[in-house]
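Close look at the chain arrangement
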Amino acid sequence: MMPNPQTPLVDSLGRIHTSVRLSVTDRCNIRCFYCMPETDIPFAPRERILTFEEIHRLARLLIQQCGIRDLRITGGEPLVRRQLNRLVSMLHEIDGLEDLSLTTNGILLVDQARDLRQAGLKRINISLDTLDETVFRQITRREGVERTIAGIDAAIACGFDSVKLNALAIRGITENEVVRLVAFALERSVMLRFIEFMPLDADRAWEKQSVLTGDELLGILRNHFGKIEAATRPDPSQPAEEFLIEGGKVGIIRSVTQPFCSACNRIRITADGAVRNCLFARGETPLRELMRSGATDDELLLEIRNCMLSKAPAHGIDREGFVAPERAMYAIGG
Ligand code: SAM
Ligand code: SF4
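Residues numbered from 1 in each chain as written. Chains lettered and ligands numbered in written order. Predicted model: local features only at pLDDT ≥ 70, side-chain atom pairs only at ≥ 80, totals over all residues. Heavy atoms only, no water.

1. Some thoughts on the overall build of the protein chain
- The helix and strand inventory of the protein chain stands at ten helices and 14 strands.
- For 334 residues, the compact-globule estimate of 2.2 N^0.38 gives 20 Å, and the protein chain sits close to it at 19 Å.
- Viewed in the frame of its principal axes, the protein chain has a C-alpha envelope of about 60 × 45 × 45 Å.
- Sorting the 334 residues of the protein chain into buried and exposed places 56% on the buried side.
- Residue pairs in contact within the protein chain that sit at least 24 positions apart in sequence constitute 74% of those at least 6 positions apart. (Helix = DSSP H or I, 4+ residues; strand = E, 2+ residues; numbered from the N terminus. Rg over C-alpha atoms; globule rule 2.2 N^0.38 Å. Buried < 20%, exposed > 50% of the residue type's maximum accessible area, 1.4 Å probe, protein only. Contact = heavy atoms within 4.5 Å.)

What follows is the structure, given as structure tokens:
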């Protein structure tokens, strides 16, 4: 039974938010250079990380009072959070939730894919930037491409509603990976999406030149696969453009060169309990201490709605004077 009529989460431009990125940890078992620092990482102390019960409370409010329809669990690396399948099953049981998905680096999936599926996880996205162990180490400063690939195959074997692969598009690295990654995905009949590298790296080394752009990716794909046709985009809030190539489809997310901010329907909750209205927001609304000091549901909802009202029209990466957010990707939740 759905309690109370819902009031959608709207911002000052009329964008309606129906999708939550829920980070469950800022910790990770690898150290991708485009996300985390290599050493001295200022992880949030454990007591500042939301408990499963706190996450469930926020998710329930967002779904049942604000019209949120889908939740994506992310991190850090969500699979390093102990008993994640327990959280999945708690979220799965919330009336009104239509889609429950997760983004992972795949390294721990061999052990967890089946339990997550059984707990009610519907869809899974796995990050895979390369199939080559040397390049994997260069990117992640750790070992693990074989385990990632085994994790992908384990997820496929579990029968999720969808398994997708995400590859970051980085100049100087991805050019050599494109064709092999696409072939790998086509062999397994899963969708691969390239994502333009965004200025969310903790090392602040991003520069415009380090993005391998969607246009350049299309050039590489055309050279190898011949004709490419743009597929129709059924849902404008979905950031991936899809292209038909021989043997299947490939996706490109041009988050830098063709931002989709005007159709953005996302809200984010960080692992330490702050609401963010944008990946690139310079401000956020902390909820953890409010919750822990006895705030009512209505008080929390007011904070969440006010946070969304102040969402900027666009990320502005291209604007003069753009300043990246204080938090890097691992501490926000991508
Ligand atoms: N650890 C999990 C993983 O890597 O899939 C989930 C969290 S990770 C922050 C979520 C996604 O963000 C991954 O697909 C990752 O490639 C992407 N990502 C990380 N840093 C990024 C950046 N600077 N620009 C664009 N995407 C980034
Ligand atoms: Fe970890 Fe994911 Fe960040 Fe890589 S992108 S360091 S796997 S959180």
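Now that the structure has been shown, the text picks up again.
2. Notes on the packing of helix α1 (residues 52-66) against helix α2 (residues 84-92)
- Running from N to C, α1 and α2 point in directions that differ by 25°, and their axes come no closer than 10 Å. With respect to α2, the element α1 is oriented roughly parallel. Of the two possible hands of crossing, α1 and α2 adopt the one that is right-handed. Every residue of α2 that contacts α1 at F52, E53, I55, H56 and A59 is listed here: L84, R86, L87, M90 and L91.
- For the contact of α1 with α2, the residue count by class is seven nonpolar, one polar and two charged. (Axes fitted to C-alpha atoms, helices over the stretch in contact; angles between N-to-C directions. Parallel < 35°, antiparallel > 145°, perpendicular 65-115°, else oblique. Left-handed = near helix turned anticlockwise from the far one by under 90°. Nonpolar A, V, L, I, M, F, W, Y, C, P; charged D, E, K, R; others polar.)

3. Side note on the packing of aromatic side chains
- Counting across every chain of the model gives five aromatic pairs.
- Between F43 and Y330, the ring centres sit 6.3 Å apart and the planes meet at 85°, which makes this aromatic pair edge-to-face. With F43 in the loop between β3 (19-23) and α1 and Y330 in helix α10 (residues 329-332), this residue pair connects regions lying 287 residues apart in the sequence.
- Given a relative accessible area of 23%, F43 falls into the partly exposed group.
- Taken together, F33, Y34 and F197 form an aromatic cluster joined through their ring pairs. (Phe/Tyr/Trp six-rings, centres within 6.5 Å; stacked < 30°, edge-to-face > 60°.)

4. A closer look at the state of the cysteines
- All told, the structure shown has zero disulfides when counted by the stated rule.
- Of all cysteine sulfurs in the structure, the one in C278 sits closest to C261, which takes part in no disulfide; the separation is 6.3 Å. (Disulfide = S-S within 2.5 Å.)

5. Considerations on the pairing of strand β7 (residues 162-169)
- Most of β7 is tucked away, with seven of its eight residues classed as buried.
- Bridge analysis of β7 against strand β8 (residues 191-196) gives six bridges, and the strand direction is parallel. If you follow N166 over to β8, its bridge partner there is R193.
- The parallel pair β7 and β8 is bridged by helix α6 (residues 178-187), and the resulting crossover is right-handed. (Pairing = 2+ DSSP bridges. Right-handed = clockwise from strand over helix to strand, strands pointing away.)

6. Considerations on the site of ligand 2
- Lining the immediate surroundings of ligand 2 are C28, I30, C32, Y34, C35, M36, G76 and N105.
- Here the residues of the shell around ligand 2 sort into six nonpolar, two polar and no charged. (Near = heavy atom within 4 Å.)

7. Here we look at the site of ligand 1
- Every one of the 18 residues lining ligand 1 counts as a neighbour, but Y34, G76, E77, S127 and M198 are closest to it.
- The separation between an oxygen atom of ligand 1 and a polar main-chain atom of T104 is 3.1 Å.
- In isolation ligand 1 offers 540 Å² of accessible surface; the protein chains occlude 95% of this area.
- Contributions of two or more residues to the shell around ligand 1 are made by β5 (99-104) and β7. (Polar contact = N/O pair within 3.5 Å; in protein donor to acceptor, adjacent residues only side chain to side chain. Areas by Shrake-Rupley, 256 points an atom, 1.4 Å probe, with all protein chains shown as cover.)

8. A look at unusual backbone geometry
- Backbone geometry places S189, a non-glycine residue, at a positive phi of 55°.
- Among the structural elements, S189 can be located in the loop between α6 and β8.
- Positive phi values are uncommon outside glycine, yet R204 reaches one of about 55°.
- Among the structural elements, R204 can be located in the loop between β8 and α7 (214-225).
- Since its relative accessible area comes to 48%, R204 is described here as partly exposed.

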